[in-house]
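Examination of the molecular architecture
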Amino acid sequence: MRKIETNKIRWGIIGTGDIAKKFASGISVLADSELVAVASRAKRTADAFGDLFQVARRYDNYESLVEDSDVDVIYVSTPHNLHKENTLMCLQAGKPVLCEKPFAINAREATEMIQLARERKLFLMEAMWTRFFPLMTRVREIIAADTIGEVRMLMADFGYRSNDLNFWVFNPNFGGGGLLDVGIYPISLSHQIFGIPNQITSISHLHKGVDEQSAVILGYEGGRIALIASAIRTETPHVAYLLGTGGRIYVHSPWWKPTTLTLSVNGRADEIIQIPFQGNGYNYEAAEVARCLREGRTESETMLLDETLSIMRTMDSIRTQWKLKYPMEPSN
Ligand SMILES: NC(=O)c1ccc[n+]([C@@H]2O[C@H](COP(=O)([O-])OP(=O)(O)OC[C@H]3O[C@@H](n4cnc5c(N)ncnc54)[C@H](OP(=O)(O)O)[C@@H]3O)[C@@H](O)[C@H]2O)c1
């Protein structure tokens, strides 16, 4: 991929919902990036978003944004079911993409997206923002330094109670349910720490075609285990534990937007490590994209596309156990 050498990385956003607004705020604290264009399905929402974030170029359709030659990279912030379609459209127009999590509905879709990015030699990354927080970098450093020995178990959860049953997360047509919305965070953490599981056991409570809550156990070579809970109708503690042979790391709530951990090493007093984040946290993933684009990279080493694909495969296997298929997925 050619290196982007403009003074500032010029972002375009597809979709003007909740996360798009947070991401736009995130970019605003970065000195070397700017939001230059936004696309919505309607002029009114594009203008409202443009006014809110002082974005000059406002499009009332997604197609026009991908053709804008003054946009260097596009952030796809639409509901899950549109990630593939929107990302493919950007890549076909020659634009690098940061696509919200879950990257796609399933591994089949993710494969198509990754193949096109690789064919076109364009940058593509799943927006798993948790990985880019400074505290998460410290967690990886502690593990790499063998401070807690071999990590043998991981326990993490992400569950919230929504009472808005009109929210798309309750709608199977959008790929709703807790697993793809929030279960993906602890699953992604497990993939990062342990790799690809060789055993998957899970149960869920399904209601009207989506998983309201679930428990997943991932098994790995050598008997390492990850215990994972997620929910969209039940509030959970939002904590993560990494349990090693020589100690443990406890990432305080909310672990997926972390600032604090307790490091317990056998024979030593517990140490509390605090690393506050700047901005609203979305700036870190945006900064990583900017760095990769400037270096001409097509992938981030912190969120590799093969890992994104293996995460999608794990979630496919889990849904197969639940016999949970979305309406847009072929019946076999
Ligand atoms: N990383 C995170 O922390 C985080 C947090 C929340 C959500 N997310 C992810 O971000 C994605 C969007 O979530 P969100 O909470 O921002 O959703 P949202 O508030 O509903 O926004 C989604 C946007 O997508 C566009 N869209 C296009 N077709 C749509 C359709 N048929 N129905 C509804 N919206 C449609 C709309 O923008 P226009 O009307 O402007 O076209 C809408 O505002 C999801 O995949 C979710 O998993 C990530």
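Structure: above.
An account of the accompanying structure is given in this report. (Residues numbered from 1 in each chain as written. Predicted model: local features only at pLDDT ≥ 70, side-chain atom pairs only at ≥ 80, totals over all residues. Heavy atoms only, no water.)

This brings us to the site of the ligand. The environment of the ligand is formed by 23 residues, the closest being Thr16, Ser40, Tyr62, Lys101 and Tyr282. Side-chain polar atom of serine 40 to an oxygen atom of the ligand: 2.4 Å apart, as the coordinates give it. With respect to the ligand, the side chain of tyrosine 62 contributes an N or O atom lying 2.4 Å from an oxygen atom. Burial of the ligand by the protein chains amounts to 82% of its free accessible area of 880 Å². Mapped onto the shell around the ligand, the elements with two or more residues apiece are α1 (18-28) and α7 (178-194). (Near = heavy atom within 4 Å. Polar contact = N/O pair within 3.5 Å; in protein donor to acceptor, adjacent residues only side chain to side chain. Areas by Shrake-Rupley, 256 points an atom, 1.4 Å probe, with all protein chains shown as cover. Helix = DSSP H or I, 4+ residues; strand = E, 2+ residues; numbered from the N terminus.)

The next subject is the pairing of strand β9 (residues 210-219). For β9, a buried count of seven out of ten residues is recorded, marking the element as mostly surrounded by other parts of the structure. Strand direction decides the pairing type here: strand β8 (residues 199-207) and β9, joined by nine bridges, are antiparallel. Paired with histidine 205 across the strands is glutamine 213, a residue of β9. In sequence, β8 turns back onto β9 through a hairpin of two residues, with lysine 208 there showing a positive phi of about 50 degrees. Bridge count for β9 against strand β10 (residues 225-231) is seven bridges, and the pairing is antiparallel. In the strand pairing of β10, serine 214 is matched with serine 230. Taking the residues between adjacent antiparallel strands as the criterion, β9 and β10 are bridged by five residues, where glycine 222 takes a positive phi near 80 degrees. (Buried < 20%, exposed > 50% of the residue type's maximum accessible area, 1.4 Å probe, protein only. Pairing = 2+ DSSP bridges.)

So, about the state of the cysteines. Tallied over the entire structure, the rule returns zero disulfides. Among the cysteines around cysteine 90, which has no disulfide bond, cysteine 99 carries the closest sulfur, lying 8.8 Å off. Classification of cysteine 99 by relative accessible area gives buried; the value is 0%. (Disulfide = S-S within 2.5 Å.)

That bond from lysine 101 to proline 102 is cis: its omega, -15 degrees, falls within 30 degrees of zero. Checked against the element boundaries, proline 102 lands in the loop between β5 (97-100) and α5 (107-120). Residues serine 253 and proline 254 are joined by a peptide bond in cis, for which omega reads -10 degrees. Looking at the secondary structure, you find proline 254 in the loop between β12 (247-251) and β13 (260-265). The phi torsion at glutamine 54 lies on the positive side, around 50 degrees, for a residue other than glycine. Although it is not a glycine, lysine 121 adopts a positive phi angle of roughly 55 degrees.

Attention shifts here to the packing of aromatic side chains. For the coordinates displayed, the defined rule picks out 14 aromatic pairs. Between the aromatic rings of tryptophan 11 and phenylalanine 23, the centroid separation amounts to 5.2 Å while the plane-to-plane angle is 70 degrees, which identifies the pairing as edge-to-face. One end of the pair, tryptophan 11, is in strand β1 (residues 9-14); the other, phenylalanine 23, is in helix α1, with twelve residues separating them in the sequence. Here the aromatic rings of phenylalanine 23 and tyrosine 75 are separated by 3.8 Å at their centres, their planes lie at 20 degrees, and the arrangement is stacked. In this pair, phenylalanine 23 sits in helix α1 while tyrosine 75 sits in strand β4 (residues 73-76), placing the two residues 52 residues apart along the sequence. We classify phenylalanine 23 as buried; its relative accessible area is 0%. A relative accessible area of 0% places tyrosine 75 in the buried class. (Phe/Tyr/Trp six-rings, centres within 6.5 Å; stacked < 30°, edge-to-face > 60°.)

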